[in-house]
Structures are given as C-alpha cells and as structure tokens.
There are 2 protein chains.
Amino acid sequence: MLHVAEAARVSVATVSALINGTATVSPELSQRIEQAILDIGYKRNAIARSLKMGTTRTIGLTVPHITNPFFTDVVSIIQQAFDRAGYAVMLCCTDEDLNTQDDQIRLLLDRMVDGLIVARVGDGAILKRIVDDANVPVVLLDRVCEGVDTDTVVLDNQSAVFDAITYLVDLGHRRIGYISGSFDISPMHDRVTGYREALQAAGLPVENELVRFGNFHEVDGYNATMQLLSLHDRPSAIFSANNPMVIGTMKAIRDIGLSCPEDISIACFDDFPWSDVFQPQLTTVAQPVQAIGEQAANLLLDRLAGNRDAPPRKLTLKGRLMIRNSCRPLGAPLGAIAQSISA
Amino acid sequence: MLHVAEAARVSVATVSALINGTATVSPELSQRIEQAILDIGYKRNAIARSLKMGTTRTIGLTVPHITNPFFTDVVSIIQQAFDRAGYAVMLCCTDEDLNTQDDQIRLLLDRMVDGLIVARVGDGAILKRIVDDANVPVVLLDRVCEGVDTDTVVLDNQSAVFDAITYLVDLGHRRIGYISGSFDISPMHDRVTGYREALQAAGLPVENELVRFGNFHEVDGYNATMQLLSLHDRPSAIFSANNPMVIGTMKAIRDIGLSCPEDISIACFDDFPWSDVFQPQLTTVAQPVQAIGEQAANLLLDRLAGNRDAPPRKLTLKGRLMIRNSCRPLGAPLGAIAQSISA
DNA sequence: CATCATTTTCGAAACGTTTCATCGTCCTCT
DNA sequence: AGAGGACGATGAAACGTTTCGAAAATGATG
C-alpha cells in the first residue's frame, strides 16, 4: 500500500480511504490510485488488516471425523453459508480425541477466529472452559452440555431412536441389539435412552448384554456385532448408533455368514445418499443435515453481526425414520418384507 | 505481552525472548515472567506474529467437493499430516466452479497462507496465473497441466481405466458405455483416453454415442445413464468416471427396472469403504488415497521447510482394479459370476 | 583496581494496515 | 470582504509481535 501511495503520489491514508470507501476521494486521485494498484498488482494484506481491526473474518469449525458422511454434509453446508457471508472456514478434525480437540480449538483461538462452531465435544469441563475462555461466540453442534450456556443445535436423538426401536418392536422383534458410541457424549446418551424407553414402553426387558459401546469407528461396530451375534440367544435385530459403525456391522454379519434382512434386521442412525440403491437398503434415522448446518451457521452469523447479548438459543430438530428393506417382520414369511416397506 | 512485561517488571523484548527461546534469560526473570503469564492468562497473538514474521503456519487446500468420499479421504490425510507438522489447514470447496475456485484461492492468498494444495483445477490459464502470482509453493493434486511447472501428484488415470475396460472386454462386453466428467480436466481426459485405447486394443469400435459427459454430480450420472439406456442398441456395461455419478447410474437402472449385474454391468472410478458389504458390490478402480494425501503433504512440507529451488517434482501413482460382483461375464449363465470374481 | 570479554536485558524500529484529528482549499452566506 | 462550513487529503498513532544493535551487568584477567 505504501508503494501504491508513492506511485500515485498520495498518502497511504488516501489509498486506504479509497479501497474501503470510508471517505470520499476526488475522481482525479481515485484514478491515479486505481491505476497504481493495477500497475503494481497490489493486494491488501489481510493479516495486517486483521491485526488492526481485531477481526479475521474467519471462523473455526471442529468435527470429530470428516469421513463420516453426516459431518461431511454438515461441513459442506456450513462452508457454503459462510462463504456467502464472506467468511473463511478453518476446519479441524479431532478424531474423537479430547486432547486433540483441545489443541485444535486452542490453535483456532490463537489465530483469532471470529467465532467457533464445535461439533460433538466430549468433556463438559473442557467445553465449559472453551466457551468461557473464548471471547468469541461459540455454537455447539450435535451436543448439549449441562451448565454450558451458549447457542446450540441438536437433534432430538431420544425420540428419533425411540421411533426406530418401536418400529422394530412392531415388526415383532423382541431381542434388539444396540451398538452405541461413547456414553459420555450427549447424543449417544440420549440415543441409548431412546432405545431403553422404547423397550420399556413395549413392556420388554432391557438387557445389558444387548447394549455394546464402541468408539464410532467401523472396527468398533464390527467387534460389537461379533459380540452380539455370539450371545447364546442372539438378537434378531441390531440398531447401530452411527454410520461408520454400521459398516462394521454389515461386515461382521457377512463374515459370520448371515444375511440381512433374512437372518438379522439392521437399522442405524444417519442416512446416506446411496442407501436406497444398494441391497440391503438400510432403514435409517435421517438427520435434517441441511437444516442443522444452516441453523448453526445462522446462529453464529447472527452473533457475528453484532447480536452478542441475546440469551443462548437452543435449537432441537427432529430426525426422520427412513423405512427401507433391511428390517423384516419377525415370524412372517420373507415375502412380507415388501409389504412392510410400504408401512 | 505488554501486560505480562509490566507485571514481571521486564521489557517486552525479554518476554518474547523467553517465549521463543531466542535468547537466554536468567532463571530469576524467567520465573517472574512465567508466573505473570499464568496470572494474566496470556496467549500469544498469532496474527501479530504472522504479520511480523511473514508466515502464518497455515496452508490452503481447495477441493471440488467435500462430499465426494475420495476427496474426503484425501483431505483427512492431508489434515493429519499438517497437524503433526504444526500447521493449520484452511479448506475451501470450489463446487467444480471455476470462478468460485478463483475466488477461494484469492481469499487464501490474501490471508497469507504459507502454501497451497489445489485439487483438480479446471482451467489451465487460471491455474498458471495462480501458480505465478502466488509467491508461495503450490502443489497440484489430481490434475496435471501443460506449461504449469509445480509439484504435482496425479494418478495414472489412463492405464487405470484401460485395465478396467479391458476387464469388461475380457468378460465379453462389446458395447460399453462410458460416463465422463468434464473433458477439460486432465484426469477426465486421461480416463476417456484409457477407455478408447482399451477398446482399440481389443479391436472394438469407439462409438461416440456411448460416451456421455456430466459435471460430476449424481444427477449427471443419472441423466447420462438414462441416455445410454435409451439407445436402440444399449450397452451391456457402463463405466462411470467418479463416485457421485455412479450413484446416479445405480438410481437410473433401478428406476428403469433393470438390475445389476443381471441386466447390466457397472464399474466405476473411486472405491468406497462400504463397497464390499452392499449388493451389488461394485467393481471399482481404487485410488491409493493414503499415498496421494501423504505425498502431496510431503511435497509441500518439503518446500515449506526451505527447499524452494528444487525443480518441480511430478509424482504419478497407480490405481488398482478392485474386482467384485457388479460385472458379469456376457453370454455366460448367471452362476458364472462367482467364478469371475476370483479372476 | 582497571580493563576487557561475556552474558543478560532493553529500547526502538518494523511488519501493513486503519483511523482520527488536523490542515488546507474552496465555496457560500451575511 | 470576512467568517464559517463543507470537503478532500494527510500525518501520525496504534494493533501485538519480533529483532537488532546498544546498554548494562557480571565475571575473568592482568
């Protein structure tokens, strides 16, 4: 900018005024300056600007896994929203690891991001410290946490799983396996609760041996399924609490030589685009990813627009059970599957 | 830092020296400074540091689509590599749009990223300008471009598709449809070339009506498949040049009432984790995503480490044909599929 | 004890912007 | 004609670091 000012024989203040439109500059100087900018190929240095302005027009976004289609979709939508608003997005993957997440968020805050969207934080204390420490607005995604007062977008996990399990019960299933993610993360907690309540509502016993915990990865789903299928009285249906784990479940039942839905019914959380073109077409709980992403982005953009003091807003969205053909009516002949799909 | 210096009754220069270890500071002052840092909860301002140092320890990464599993995997691996090296990654999705990509890269350069990894750039001229303008190292991913001399990691797309098509020919297919992405992007160009050469090598005619172009999205695959299947002499096999498009292909053949592989054989580019648990299990060309991501990261990290003047390095990796059960031997009874899989 | 070498600390400039108070100029109004 | 306003342009300070040369303190040596 100094060079531009010299070349145009004006002061840097005038150049700045022209570029930002913060003051009127005469046509004559404008022309000289613009020419100089072109000649020199000047680009404003965003770092210096950020330092002076105290704003980076960048937000931080952390997700557990970018390979999980659910998060991929959400990230993509959030990206687009901030793109439109002229913000850049700094993405970090925490790999479901608390320390990593802590490091990442610290990194982001050090870089003076203007705001933070944090998906699926693990530990309440860490989370609380983050929200308190950061003097920037924070939006929580897919995770609610007692005592942490900030904008939040979550799914009604409990009722979503309740509906899914109830559907299985209605099909005649009595022993339903459940594969959960780590229990200390609220969505996982709520999903298990939905499972238990559905069984209780149907007057069925809740048996601990039917509930397994994993760490969200495919291999966890695989191992958990193997355990469930080696029970002496094995379940006739399995519900898996996330997408990567259900892949593990499918691999396990394939390796054990069973087939779905003939031998075992499968349902899971999180829909994916190809779920109705391959067999079995999985019955899933679809999250409204578009809405989740947009709402989270809107909440943060609203804060960034200056609405700092409004009380924390907590949004809860509803999931939707997508019934396909991976669950069969128990005791009914196989031919009945087709009918059940139209249910 | 000023506050810390005051609280510890030292100069800011000394605080800086201690924090960065750029000079020895006496145990006594060190102790006072560290205490002050703790008391105040001081965090170094990375923006001011970047301004002074001329380096942000941030790299930019652009990909066409984050929802394409291939790019998701690559992004994830690149992320991890730079994470380990203490760099942050700024991710941008270009949505296959040239203007968007241009804007994104400009945005990244304005923010003084230390380096750039650009996946799948569309236009040669734009690309050349980017590489020339940016006074930071640039690594090209999944795209090679005449006249642009910079580090590059690409797949040997041509031979990968050649192998896949040859496999289909060996199964007895004579009319093989091909669904390509935009022709002006080198991988797409090379893939089509592989297709043509495989047919020619087998002495088969290359018919234009069998080659369709789309813009990488599911809907493009759907439309292209519909067109291919409405030909009066329709193909017995279809190869789709990327992952989202093959989903469209599968939906089209489902909607038309055909089934795979009985009525039509399907193969595609890009493997995905669930491809061998659902039916049909797609025969795919798997890219070595791990290697691609790591190599790209290594090339850039090497430049960032100071190796600026080495001549551009061009890495070409090999794809691998993953034969599953979505292609059937033509003319043979259906039972023969199982045998062909072991081929 | 004076001198010199070495270690430790510091003041001040610089990075590239934005912003604010100030200063000319020129116009308008009494 | 002189005063007052409006407008355009500018100099300089500030943002929070790093760094360099210089100053101060310490230790060693003759």
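Residues numbered from 1 in each chain as written. Chains lettered and ligands numbered in written order. Predicted model: local features only at pLDDT ≥ 70, side-chain atom pairs only at ≥ 80, totals over all residues. Heavy atoms only, no water.

**Student:** It is not clear to me how the pattern of salt bridges should be interpreted in this structure. Could you clarify?
**Tutor:** A pair can form between side chains of opposite charge whenever their charged atoms are brought close. In this structure the tally under the stated criterion is 36 salt bridges over all chains. Between A:Asp255 and A:Arg254 there is a salt bridge; the shortest N-O distance is 3.0 Å. Given a relative accessible area of 43%, A:Asp255 falls into the partly exposed group. Look at A:Arg254 and you get partly exposed, because its relative accessible area is 35%. The shortest N-O distance in the salt bridge between B:Glu209 and B:Arg175 comes to 2.9 Å. One end of the pair, B:Glu209, is in the loop between helix H9 (186-201) and strand E7 (211-213); the other, B:Arg175, is in the loop between helix H8 (157-170) and strand E6 (176-180), with 34 residues separating them in the sequence. On the basis of relative accessible area, B:Glu209 is assigned to the partly exposed category, the value being 30%. A cluster of three or more residues bridged by salt bridges with shared partners is formed by A:Asp151, A:Asp302, A:Arg303 and A:Arg313. (Salt bridge = Lys/Arg side-chain N within 4 Å of Asp/Glu carboxyl O. Buried < 20%, exposed > 50% of the residue type's maximum accessible area, 1.4 Å probe, protein only. Helix = DSSP H or I, 4+ residues; strand = E, 2+ residues; numbered from the N terminus.)

**Student:** So what exactly am I meant to see when it comes to unusual backbone geometry here?
**Tutor:** Note: most residues except glycine have negative phi, and most peptide bonds are trans. With an omega of 5 degrees, the peptide bond running from A:Cys260 to A:Pro261 counts as cis. Counting through the fold element by element, A:Pro261 comes out in the loop between helix H11 (243-256) and strand E9 (265-269). At the junction of A:Gln279 and A:Pro280, the peptide bond is cis and its omega measures out at -10 degrees in the coordinates. One can find A:Pro280 in the loop between E9 and strand E10 (283-286). Although it is not a glycine, B:Met112 adopts a positive phi angle of roughly 60 degrees. One can find B:Met112 in the loop between helix H6 (98-110) and strand E3 (115-119). Take B:Met112: its relative accessible area is 19%, and that puts it in the buried class.

**Student:** What am I meant to see in the interface of chain B and chain A here?
**Tutor:** Put simply, an interface is often sized by how much accessible area is lost when its parts join up. Every contact between the two is made by 46 residues of chain B and, on the other side, 46 residues of chain A. The junction of chain B with chain A conceals about 3900 Å² of combined surface from both sides, 65% of it contributed by carbon and sulfur atoms. Three residues, B:Ile47, B:Arg111 and B:Phe278, lead the burial of chain B against chain A; their summed loss comes to 17% of the area buried on that side. One salt bridge in this structure joins A:Arg254 and B:Asp276, with 3.9 Å as the shortest N-O distance. At the boundary of chain B with chain A, the tally comes to 13 residue pairs in polar contact (both at pLDDT 80 or more). Of all the elements in the fold, those that place two or more residues in the side of chain B that touches chain A are helix H4 (46-53), helix H5 (69-84), strand E2 (88-93), H6 and helix H11 (243-255) of chain B. Partitioned by chemical class, the residues of the side of chain B that touches chain A number 22 nonpolar, 11 polar and 13 charged. (Contact = heavy atoms within 4.5 Å. Buried area = accessible area lost by both parts, 1.4 Å probe. Polar contact = N/O pair within 3.5 Å; in protein donor to acceptor, adjacent residues only side chain to side chain. Nonpolar A, V, L, I, M, F, W, Y, C, P; charged D, E, K, R; others polar.)

**Student:** Is there a simple way to explain the domain arrangement of chain A in this structure?
**Tutor:** By the assigned domains, chain A splits into domain 1 (2-44), domain 2 (55-155 + 289-317) and domain 3 (157-287 + 321-341). Here domain 1 of chain A and domain 2 of chain A have C-alpha centroids that lie 38 Å from each other. (Domains from an automatic or database assignment.)

**Student:** I tried to follow the protein's contact with DNA strand D on my own but got confused; where do I start?
**Tutor:** Residues in contact with DNA strand D amount to 22 residues; listed here are only the nearest, A:Thr14, A:Thr24, A:Ser26, B:Met1 and B:Ser16. In DNA strand D, the atoms that sit within 4 Å of the protein are 74% sugar and phosphate, with bases accounting for the remainder. B:Met1 has a polar backbone atom sitting 3.4 Å from a phosphate oxygen of DNA strand D. At 2.7 Å, a side-chain N or O of B:Ser16 approaches a phosphate oxygen of DNA strand D. Only helix H2 (12-20) and helix H4 (46-53) of chain A together with helix H2 (12-20) and H4 of chain B provide two or more residues apiece to the surface near DNA strand D. At 4 residues, H4(B) tops the list of elements feeding residues into the surface near DNA strand D. For the surface near DNA strand D, a count of residues per class yields 10 nonpolar, 7 polar and 5 charged. (Near = heavy atom within 4 Å.)

**Student:** How should H4(B) be read in this particular structure?
**Tutor:** Side chains three or four residues apart in an α-helix point the same way, a direct result of the helix having 3.6 residues per turn. The residue sitting at the N-terminus of H4(B) and contributing the capping side-chain oxygen is B:Asn45; that oxygen lies 2.7 Å from the backbone nitrogen of B:Ile47. B:Gly54 sits one or two residues past H4(B) and shows a positive phi near 75 degrees.

**Student:** Just to check I follow, could you spell out the sheet that holds E6(B) for this structure?
**Tutor:** Two pairing modes exist for strands in a sheet, parallel and antiparallel, and in both the strands are linked by backbone hydrogen bonds. All names here are of chain B. Pairing within the open sheet is mixed, and its 6 strands lie in the order E7-E6-E8-E9-E10-E12. Of all strands in the sheet, those with a lone pairing partner are E7 and strand E12 (320-322), marking the two edges. For this sheet, the mean angle separating the axes of adjacent strands, direction not counted, is 15 degrees. Judged from the 4 bridges that link them, E6 and strand E8 (residues 237-240) form a sheet pairing that is parallel. Bridging across to E8, Ile176 finds its partner in Ala237. (Pairing = 2+ DSSP bridges. Axes fitted to C-alpha atoms, helices over the stretch in contact; angles between N-to-C directions.)

**Student:** What should I look at first to understand the protein's contact with DNA strand C in this one?
**Tutor:** Near DNA strand C you find 22 residues, and of these A:Met1, A:Ser16, B:Thr14, B:Thr24 and B:Ser26 are the closest. Within the side chain of B:Thr14, an N or O atom sits 2.8 Å from a phosphate oxygen of DNA strand C. The element contributing the most residues to the surface near DNA strand C is H4(A), with 4 residues. Partitioned by chemical class, the residues of the surface near DNA strand C number 10 nonpolar, 7 polar and 5 charged.

**Student:** What's the story with a negative patch on the surface in this structure? I'm lost.
**Tutor:** Residues A:Asp83, B:Asp95, B:Asp97 and B:Asp103 make up a contiguous surface patch of negative charge. Following the sequence through the fold, B:Asp97 ends up in the loop between E2 and H6. The exposure class assigned to B:Asp97 is partly exposed, which follows from its relative accessible area of 32%. (Patch = residues over 30% accessible without salt bridge, like charges linked within 9 Å, V, L, I, M, F, W, Y side chains within 5 Å. Areas by Shrake-Rupley, 256 points an atom, 1.4 Å probe, with all protein chains shown as cover. Lys, Arg positive; Asp, Glu negative; His and termini not counted. Charge placed at Lys NZ, Arg CZ, Asp CG, Glu CD.)

**Student:** I would appreciate a short explanation of the environment of A:Gly221 in the present structure.
**Tutor:** Residues and elements named next belong to chain A. With respect to the secondary-structure elements, Gly221 resides in helix H10 (residues 218-229). On the basis of relative accessible area, Gly221 is assigned to the buried category, the value being 0%. Linking Gly221 and Pro244, residues 23 residues apart in sequence, is a C-alpha distance of 7.6 Å. In this view, Gly221 contacts Ile179, Met245, Gly248 and Thr249; residues no more than four positions away in its chain are not counted.

**Student:** How should I be thinking about the sheet that holds strand E6 (residues 176-180) of chain A in this particular structure?
**Tutor:** Residue and element names in this part refer to chain A. Sheet architecture is open: 6 strands sit in the order E7-E6-E8-E9-E10-E12, paired in mixed fashion. On the outer flanks of this sheet lie strand E7 (211-213) and strand E12 (320-322), each paired with one strand and no other. Averaged over neighbouring strand pairs, the angle between their axes works out to 15 degrees when direction is ignored. The sheet strands contacting H11 are E6, strand E8 (237-240) and E9, and the helix crosses E9 at an angle near 165 degrees.

**Student:** Would you take a moment to explain the packing of H6(B) against helix H7 (residues 124-133) of chain B for this structure?
**Tutor:** Between two packed helices, what matters for the description is the angle formed by their axes and the separation of those axes. All names here are of chain B. The geometry of H6 relative to H7 is characterised by a closest axis approach of 11 Å and an angle of 0 degrees between their N-to-C directions. It follows from the interaxial angle that H6 and H7 lie roughly parallel. Between H6 and H7, the contacting residues are Asp102, Ile105 and Arg106 on the first element and Ile126, Arg129 and Ile130 on the second. Tallied by class, residues from the contact of H6 with H7 come to 3 nonpolar, no polar and 3 charged. (Parallel < 35°, antiparallel > 145°, perpendicular 65-115°, else oblique.)

**Student:** Quick question: what am I supposed to make of the packing of helix H10 (residues 218-229) of chain B against H11(B) here?
**Tutor:** Residue and element names in this part refer to chain B. The contact between H10 and H11 brings their axes to 6 Å, and the two run at 45 degrees. Viewed along their axes, H10 and H11 adopt a mutual orientation that is oblique. Of the two possible hands of crossing, H10 and H11 adopt the one that is right-handed. Only Pro244, Met245, Ile247, Gly248, Thr249, Lys251, Ala252, Ile253 and Asp255 of H11 make contact with H10, whose side of the interface consists of Glu218, Asp220, Gly221, Tyr222, Thr225, Met226 and Leu229. Class assignment of the residues belonging to the contact of H10 with H11 gives a composition of 8 nonpolar, 4 polar and 4 charged. (Left-handed = near helix turned anticlockwise from the far one by under 90°.)

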